[in-house]
Amino acid sequence: MAERRYTESHEWVSVEGKVATVGVTDFAQSQLGDVVFLELPRAGLQVQAGDAFGVIESVKAASDLYSPVAGKVVEVNDRLTQQPELVNKDPYGEGWLVKVELSNGVGDGLLDEAAYKKLTGGRAE
Amino acid sequence: MTEPLSFEKSRESLPGPRLPAAGLPGVDPAQVIPRARLRRNRPHLPRLSEPEVMRHFTRLAAMNYSISKNFYPLGSCTMKYNPVTNEVAASLPGFAYLHPYQPEETVQGALELMWDLERALCEIVGVDRMCLQPAAGAHGEWTGLRMIQAFHEDRGEDRSEVIVPDSAHGTNPASAALCGFKVVEVRSDAGGRVSLPDLESKLSPRTAALMLTNPNTLGLFEKEILEVADLVHSVGAKLYYDGANLNALMGICRPGDMGFDVVHLNLHKTFTTPHGGGGPGAGPVGVMKDLEQFLPRPTLERENGHFKLDFERPRSIGRVRSFYGNFGMLVRALTYILAMGADGLSQASEDAVLSANYLRTRLEGALEFPHDGPCKHEFVASARNLTAQGIHATDLAKGLLERGFYAPTIYFPLIVPEAVMVEPTETESKATLDAFTEAVLEIVQLAQTDPERLQAEPTSLPVGRLDEVAAARHPVLRWRPPAQD
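Residues numbered from 1 in each chain as written. Chains lettered and ligands numbered in written order. Predicted model: local features only at pLDDT ≥ 70, side-chain atom pairs only at ≥ 80, totals over all residues.

S.K.: Tell me what's going on with the overall build of chain A, and back it up with residues and numbers.
M.R.: Within chain A, the regular secondary structure consists of four helices and nine strands. For chain A, the α and β elements follow one another from N to C terminus as β-β-β-α-β-β-β-β-β-α-α-β-α. Along the first, second and third principal axes, the C-alpha atoms of chain A reach 35 × 35 × 25 Å. For chain A, the residues scored as buried account for 38% of the 125 residues in total. In chain A, the proportion of contacts linking residues at least 24 apart, taken out of those at least 6 apart, comes to 61%. (Helix = DSSP H or I, 4+ residues; strand = E, 2+ residues; numbered from the N terminus. Buried ≥ 20, exposed ≤ 12 C-beta atoms within 10 Å, placed from the backbone. Contact = placed C-beta atoms within 7 Å.)

S.K.: Give a detailed account of the overall build of chain B, specifying residues and quantitative values.
M.R.: Along the backbone of chain B there are 16 helices and twelve strands. A compact globule built from 485 residues should have a C-alpha radius of gyration of about 23 Å, and chain B, at 26 Å, falls within 12% of that. Counting only C-alpha atoms and orienting by the principal axes, one finds that chain B spans roughly 75 × 70 × 45 Å. Within chain B, the fraction of its 485 residues that count as buried is 40%. Within chain B, counting contacts between residues at least 6 apart in sequence, those at least 24 apart form 71% of the total. (Rg over C-alpha atoms; globule rule 2.2 N^0.38 Å.)

S.K.: Describe the interface of chain B and chain A, and please don't skip the residues or the numbers.
M.R.: Taken together, the six residues of chain B in the interface contact seven residues of chain A. Classifying every residue of the side of chain B that touches chain A by side-chain character gives four nonpolar, no polar and two charged. (Nonpolar A, V, L, I, M, F, W, Y, C, P; charged D, E, K, R; others polar.)

S.K.: Which residues make up the confidence of the model for chain B, and what values do they have?
M.R.: Residues with a pLDDT of 70 or more make up 98% of chain B, whose mean pLDDT is 94. Prediction confidence for the complex, expressed as pTM and ipTM, is 0.88 and 0.72 respectively. (pLDDT = per-residue confidence, 0-100.)

S.K.: Please provide a residue-by-residue account of the sheet that holds strand E12 (residues 419–422) of chain B, values included.
M.R.: In a beta sheet, neighbouring strands are held together by backbone hydrogen bonds and run either parallel or antiparallel to one another. All names here are of chain B. In space, the three strands of this open sheet follow the order E10-E12-E11, with antiparallel pairing throughout. Both outer strands of the open sheet, strand E10 (379–382) and strand E11 (409–410), are each paired with one neighbouring strand and no more. Here two bridges tie E11 to E12, and the two strands are oriented antiparallel to one another. By the bridge assignment for E12, Thr409 is matched with Met421. (Pairing = 2+ DSSP bridges.)

S.K.: How would you summarise the pairing of strand E3 (residues 182–186) of chain B if you had to cite specific residues and measurements?
M.R.: In this sheet, E3(B) lies alongside strand E2 (residues 161–165) of chain B in parallel orientation, the contact comprising five bridges. Paired with B:Ile163 across the bridge in E3(B) is B:Val184.

S.K.: Report on the nonpolar core, specifying residues and quantitative values.
M.R.: B:Ala209, B:Val262, B:Leu330 and B:Ala333 are the most contacted members of the largest nonpolar core, which totals 106 residues. Ignoring sequence-local partners within four residues, the contact set of B:Leu330 consists of B:Leu113, B:Met114, B:Leu117, B:Leu132, B:Ala282 and B:Gly325. A:Ala20, A:Phe27, A:Ile56 and A:Leu97 belong to the second-largest nonpolar core, a separate cluster that totals 27 residues. (Core = buried A, V, L, I, M, F, W, Y, C linked by C-beta atoms within 7 Å.)

S.K.: If you had to explain the sheet that holds strand E8 (residues 71–76) of chain A to someone new, which residues and values would you point to?
M.R.: Residues and elements named next belong to chain A. Within the open sheet, the six strands sit side by side as E1-E2-E3-E9-E8-E5. Their pairing is antiparallel. Of all strands in the sheet, those bounded by a partner on one side alone are strand E1 (4–6) and strand E5 (46–47). The sheet contact formed by E1 and strand E2 (residues 11–16) spans three bridges and is antiparallel. Within E2, the position partnered with Arg4 by the bridge is Ser14.

S.K.: Let's hear about the domain arrangement of chain B: which residues, and what values?
M.R.: Residue and element names in this part refer to chain B. Each assigned domain of chain B is listed here: domain 1 (84–339) and domain 2 (342–472). In this structure, domain 1 and domain 2 have C-alpha centres spaced 30 Å apart. Residue-level contacts link 19 residues of domain 1 with 17 residues of domain 2. Considering only residue class, the side of domain 1 that touches domain 2 consists of nine nonpolar, nine polar and one charged. (Domains from an automatic or database assignment.)

S.K.: So what's going on with the packing of helix H12 (residues 327–363) of chain B against helix H14 (residues 430–449) of chain B? Which residues, and what values?
M.R.: All names here are of chain B. Taken N-terminus to C-terminus, the directions of H12 and H14 make an angle of 30°; their axes are 10 Å apart at the nearest point. By the criterion of interaxial angle, the relationship of H12 to H14 is roughly parallel. Crossing handedness for the pair H12 and H14: right-handed. Side by side, H12 and H14 meet where Ser355, Tyr358, Leu359, Arg362 and Leu363 of the first sit next to Leu433, Thr437 and Val440 of the second. Grouping the amino acids of the contact of H12 with H14 by side-chain chemistry returns five nonpolar, two polar and one charged. (Axes fitted to C-alpha atoms, helices over the stretch in contact; angles between N-to-C directions. Parallel < 35°, antiparallel > 145°, perpendicular 65-115°, else oblique. Left-handed = near helix turned anticlockwise from the far one by under 90°.)

S.K.: Lay out the environment of B:Leu218 with the relevant residues and their values.
M.R.: Following the sequence through the fold, B:Leu218 ends up in the loop between strand E4 (207–213) and helix H10 (225–234). The contact partners of B:Leu218, leaving out residues within four places of it in the chain, are B:Ser167, B:Gly192, B:His371, B:Val380 and B:Pro413.

S.K.: Explain unusual backbone geometry residue by residue, including any values.
M.R.: All names here are of chain B. With omega at 0°, the peptide bond leading from Arg297 into Pro298 counts as cis. In this structure, Pro298 sits in the loop between strand E7 (285–287) and strand E8 (299–303). The omega angle of the peptide bond from Gly373 to Pro374 is -5°, so this bond is cis rather than trans. Secondary-structure assignment places Pro374 in the loop between H12 and E10. We note that Glu418 has phi near 50°; this positive angle belongs to a residue other than glycine.

S.K.: I'd like a description of helix H8 (residues 171–178) of chain B, backed by residues and values.
M.R.: Residue and element names in this part refer to chain B. Of all the residues in H8, the buried ones are Thr171, Asn172, Ser175 and Ala176. Within H8, the buried residues cover an arc of 135° as seen down the axis, which keeps them to one side. Residues of H8 that are buried sit in contact with helix H7 (137–154), E2, E3, E4 and strand E5 (238–242). (Arc of directions from axis to C-beta.)

S.K.: Any chance you could break down H12(B) for me, citing the residues and the numbers?
M.R.: All names here are of chain B. Between its terminal C-alpha atoms H12 stretches only 41 Å, short of the 54 Å expected from 37 residues at 1.5 Å a residue. Residue Gly341 marks the point of greatest curvature in H12, where the axis turns by about 95°. Immediately beyond the C-terminal end of H12, within one or two residues, lies Gly365, with a positive phi of roughly 95°. (Expected span 1.5 Å × (residues − 1). Bend = angle between axes of the 7 residues up to and from the residue.)

S.K.: Outline the packing of H7(B) against H8(B), listing residues and values.
M.R.: Residue and element names in this part refer to chain B. Where H7 meets H8, the axes come as close as 9 Å, and the angle between the chain directions of the two elements is 45°. Between H7 and H8, the interaxial angle falls into the category oblique. The handedness of the crossing between H7 and H8 is right-handed. For the pair H7 and H8, the contacting residues are Gly137, Ala138, Glu141, Trp142 and Leu145 in the first and Thr171, Asn172, Ala174, Ser175, Ala176 and Leu178 in the second. Broken down by class, the residue content of the contact of H7 with H8 amounts to six nonpolar, four polar and one charged.

S.K.: So, the pairing of strand E3 (residues 19–24) of chain A: which residues are in play, and what are the values?
M.R.: Residue and element names in this part refer to chain A. Burial within E3 is extensive, with five of its six residues counted as buried. In this sheet, E3 lies alongside E2 in antiparallel orientation, the contact comprising six bridges. Its bridge partner being in E3, Val15 is matched across the sheet by Ala20. Where E2 folds back onto E3 in an antiparallel hairpin, the turn is made up of two residues, including Gly17, whose phi is positive at roughly 65°. The pairing of E3 with strand E9 (residues 98–102) spans four bridges and is classified as antiparallel. Across the sheet, Val19 pairs through a bridge with Glu101, a residue of E9.

Structure follows, in structure tokens:
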């Protein structure tokens, strides 16, 4: 798996070729608690970096999901409709949310692992 | 112990009441209802005797928890005691038996009451006019934002963004989105108040309004509100007041004087009309002069001592509610205002703030307080100090249920981890506040000594811990008879 980059709003992105896989971080899922519902876009949606592309809902709260990158959504993790708990169990693996075909590269505004860890007070992993 | 559903208790052998024949000619349903719409089977209504029905509902009512039973520390959603005087006034035949289609001349007394209430609310919050139609707070928000939208459109300005703080009530972004605005979030600073630099960076010619609650949902007064108002007005945007927390300020200071242009109130919070399941609500919305022409119609006007509804308002955003709004709530609110008087309302706010600060001070050391006091009418603590023992805000809330209290708001606002939000209101005695404090202290103690016991609570209520996750992931919304047909 390619190197992960992070947003301040607790999404991660990992790029292979022209396609970026996007999810929420382990810190985010631990703060949200049991995820009960996800509202994800359909393939084909154009997003800009920082755009809200969906909603994640847990027993505690509902939050917008923000895209770390610009491009076109080409694949959505349909398994989450029936099994939202995958986000809690495996946020960096089976709990991925969408794949985005990049229109450009990955912007400079994203955090690396060390910077994200610092943001979350060392509780990233 | 739970109570079975009336459907589960139903037995074929139990006859319901037998009514005598009406002695009127019947109509065959097939003659008047299209065939496709006719039911093939009779509805499965429960069959119970009158005493069984009476006991069923009385048992359910006894399981219910309400402010008439005990303390209700729910933060950010003022749950005030509803004085019985309000009910006496609302059930006066002259109010209770009015028909909404009665001609204007025959309801002058009711219109006068609405006029007096509008004047009183305008004076309390410092605005020029008020619309009493909205049926709840979020409805008031939407109505206020629609007027702001109409104001900008009227000036030929295209403003598509509404700014809300990260500590805002969830209804603020929801109302803005429903109105077609893009929601932009402004951050709170370390002190828990709107960050002025961040606000400045978010304001632009696209900004239609900033929505603010003051005191905010952390129970803190936005001390820089005049600077906030100047910044918002300097880009031509409007400042919107969410009235959810007005209970801290009545008769002390006024949103209109702080620079707010639109103000909504919750009569079911601040002005003691029933709340939640006991509603309906009422969310009047007030505006300053320059927005007055956009008020929903009809407005209420007085001409030579005669009250009349004015529909001739070409720039109005239109009606937002049928008839007169929830009129019964208007009667209760005015009754409360007149019974309290100006002094009484200020005293209520002072006592609400005093109660909150007393509780906050007593709980220091037991819970964490991420923001410095003093607070206004409510405060937000954090149960983060208990997480090492595996205890969370939700366990504290369940422990309070076990000890006979309602649970405070937890996990809101979102910017405080393990948030526990408490609003005692002005009507609670010191003895009640002390009993609540003792319950919290006992729970915090139990978290240290026997966390597993706490995690098993409540044990003395009709139901224990409910599986909230399963309920949200696989909701069962309809009862079906067990494999009958």
